[in-house]
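Residue-level structural notes
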Amino acid sequence: MITPAAPVRLLIIDDDPLVRAGLTLMLGGADDIDIVGEGADGSQAAALVDRLRPDVVLMDIRMPVMDGLSATELLRRRPDAPEIVVLTTFHADEQVLRAIRAGAAGFVLKDTPPAQIVESVRRVAAGDPVLSPAVTRQLMARAAGPGREERVDRTARARERLALLADREREVAVAVGQGRSNAEIAATLYLSVATVKTQVSRILAKFGFNNRVQIALLVHDAGLLDDESGSSLP
């Protein structure tokens, strides 16, 4: 007999009570999502996580006392950190980029259709990012910065780090940077999904990353997304 998976435990943190009510209404209707609590400010996040043990936190970025960035950084430093999806009104806001570098699993826009927000929570709980390839590239373009010297330095550092990976790990890393899911990577590289998950876990561990979006940023910094093969590092 197959035991059904436990519902995803979700905590919502947003300073707007109407937004919280709307999110609760749209997400509460999903059988596999259990809204365990709400918070009105990032300063409440740590205590709520301690008490409620959510799997995923849906976190607004702009809040008055402690913003979502600070709360994300605080939570993701914990050894038992929940996954975090940030809520924003901008596609490529610098604060979103900072949140992702701090360990957020991705972001959703506040005007995203309800079904997509539900699916985003499910994907993050399953270990997949919630950034589309197009949006990932948009964010990473912001990460590149305007200065050529800074970009050159970042590229050199990123390539040095990626050189530490085995060939197969690097292929998986580039595929992650291209926004591919585990199943898509498995099909492209002729691997099992379980092997892909293992490879991703190894890459995360080697670099001390929290999630695969950070892998994508590193691959972008190294300039490997311009080379779809990603097969070599000069």
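Now for the overall build of the protein chain. Looking only at helices and strands, the protein chain features 11 helices and 5 strands. Residues counted as buried form 47% of the 234 residues belonging to the protein chain. On the protein chain, roughly 11500 Å² of surface is accessible, and the fraction owed to carbon and sulfur atoms is 53%.

Glancing now at the nonpolar core. One recurring pattern in soluble globular proteins: nonpolar side chains tend to sit buried together. Among the nonpolar cores identified, the biggest contains 25 residues, and L11, I13, V57, M59 and V86 are the most heavily contacted of them. Of all the elements in the fold, those that place two or more residues in this core are strand 1 (8-13), helix 2 (45-52), strand 3 (56-60), helix 3 (68-76), strand 4 (83-88), helix 4 (94-102), strand 5 (106-109) and helix 11 (212-221). Beyond its immediate chain neighbours, meaning those up to four positions away, L11 contacts V36, G37, E38, L48, V49, L52, P54, V56, V57 and L58. Core analysis: the next-biggest nonpolar cluster, separate from the first, contains 23 residues, L165, I185, I215 and L224 among them.

Looking now at the pattern of salt bridges. Enumeration over the complete set of coordinates arrives at 12 salt bridges. Ionic pairing is found between R122 and D32, a salt bridge with its closest N-O pair at 2.8 Å. Residue R122 is located in helix 5 (residues 114-125), and its partner D32 is located in the loop between helix 1 (17-28) and strand 2 (33-39); the two are separated by 90 residues in the primary sequence. Accessibility expressed as a relative area gives 32% for R122, which makes it partly exposed. Its relative accessible area of 31% is what places D32 among the partly exposed residues.

A word on the packing of helix 10 (residues 193-207) against helix 11. Helix-helix packing is characterised by the crossing angle of the two axes and by the distance between the axes. Remark: helix 10 packs on helix 11, axes separated minimally by 10 Å, with the N-to-C direction vectors making an angle of 70 degrees. Classified by the angle between their axes, helix 10 and helix 11 sit roughly perpendicular to one another. Contacts between helix 10 and helix 11 involve V200, I203, L204 and F207 from the first element and R212, I215 and L218 from the second. Grouping the constituent residues of the contact of helix 10 with helix 11 by class yields 6 nonpolar, no polar and 1 charged.

Before going further, it helps to spend a moment on the packing of aromatic side chains. Inspection of the entire model under this criterion finds 1 aromatic pair. A centroid spacing of 5.5 Å and a plane angle of 45 degrees characterise the contact between F207 and F209, whose relative ring orientation is tilted. The exposure class of F209 is buried, given its relative accessible area of 18%.

Right, let's get into helix 2. All of the buried residues in helix 2 are A45, L48, V49 and L52. All buried residues of helix 2 fall inside an arc of 100 degrees around its axis, so they share one side. Facing away from the buried side of helix 2, by more than 90 degrees, are the exposed residues A47 and R51. On its buried side, helix 2 packs onto strand 1, strand 2, strand 3 and helix 3. Positive backbone phi, approximately 50 degrees, marks R53, located one or two places after helix 2.

With that settled, consider the sheet that holds strand 3. In space, the 5 strands of this open sheet follow the order 2-1-3-4-5, with parallel pairing throughout. For this open sheet the edge positions go to strand 2 and strand 5, each flanked by a neighbour on one side alone. The sheet shows a mean angle of 25 degrees between the axes of neighbouring strands, taken without regard to direction. Note: strand 1 against strand 2, 6 bridges, orientation parallel. Each bridged residue has a counterpart across the sheet, and for I13 the counterpart in strand 2 is G39. Across the sheet, helix 2 lies against strand 1, strand 2 and strand 3, angled at about 160 degrees from strand 1, the strand it touches most.

To continue, consider the confidence of the model for the protein chain. In the predicted model, the protein chain carries a mean pLDDT of 82, and the fraction of residues at 70 or more is 83%. Here residues 227-234 is a poorly scored stretch, pLDDT under 50, and it has 13 contacts once near neighbours within four places are set aside; other chains count.

Before going further, it helps to examine the side chain of E169. Mapped onto the elements, E169 comes out in helix 8 (residues 167-177). Every residue in contact with E169, bar those within four places of it in the chain, is listed here: Q199, R202, I203 and K206.

Parameters at a glance
Residues numbered from 1 in each chain as written. Predicted model: local features only at pLDDT ≥ 70, side-chain atom pairs only at ≥ 80, totals over all residues. Heavy atoms only, no water. Helix = DSSP H or I, 4+ residues; strand = E, 2+ residues; numbered from the N terminus. Buried < 20%, exposed > 50% of the residue type's maximum accessible area, 1.4 Å probe, protein only. Areas by Shrake-Rupley, 256 points an atom, 1.4 Å probe, with all protein chains shown as cover. Core = buried A, V, L, I, M, F, W, Y, C linked by side-chain atoms within 4.5 Å. Contact = heavy atoms within 4.5 Å. Salt bridge = Lys/Arg side-chain N within 4 Å of Asp/Glu carboxyl O. Axes fitted to C-alpha atoms, helices over the stretch in contact; angles between N-to-C directions. Parallel < 35°, antiparallel > 145°, perpendicular 65-115°, else oblique. Nonpolar A, V, L, I, M, F, W, Y, C, P; charged D, E, K, R; others polar. Phe/Tyr/Trp six-rings, centres within 6.5 Å; stacked < 30°, edge-to-face > 60°. Arc of directions from axis to C-beta. Pairing = 2+ DSSP bridges. pLDDT = per-residue confidence, 0-100.

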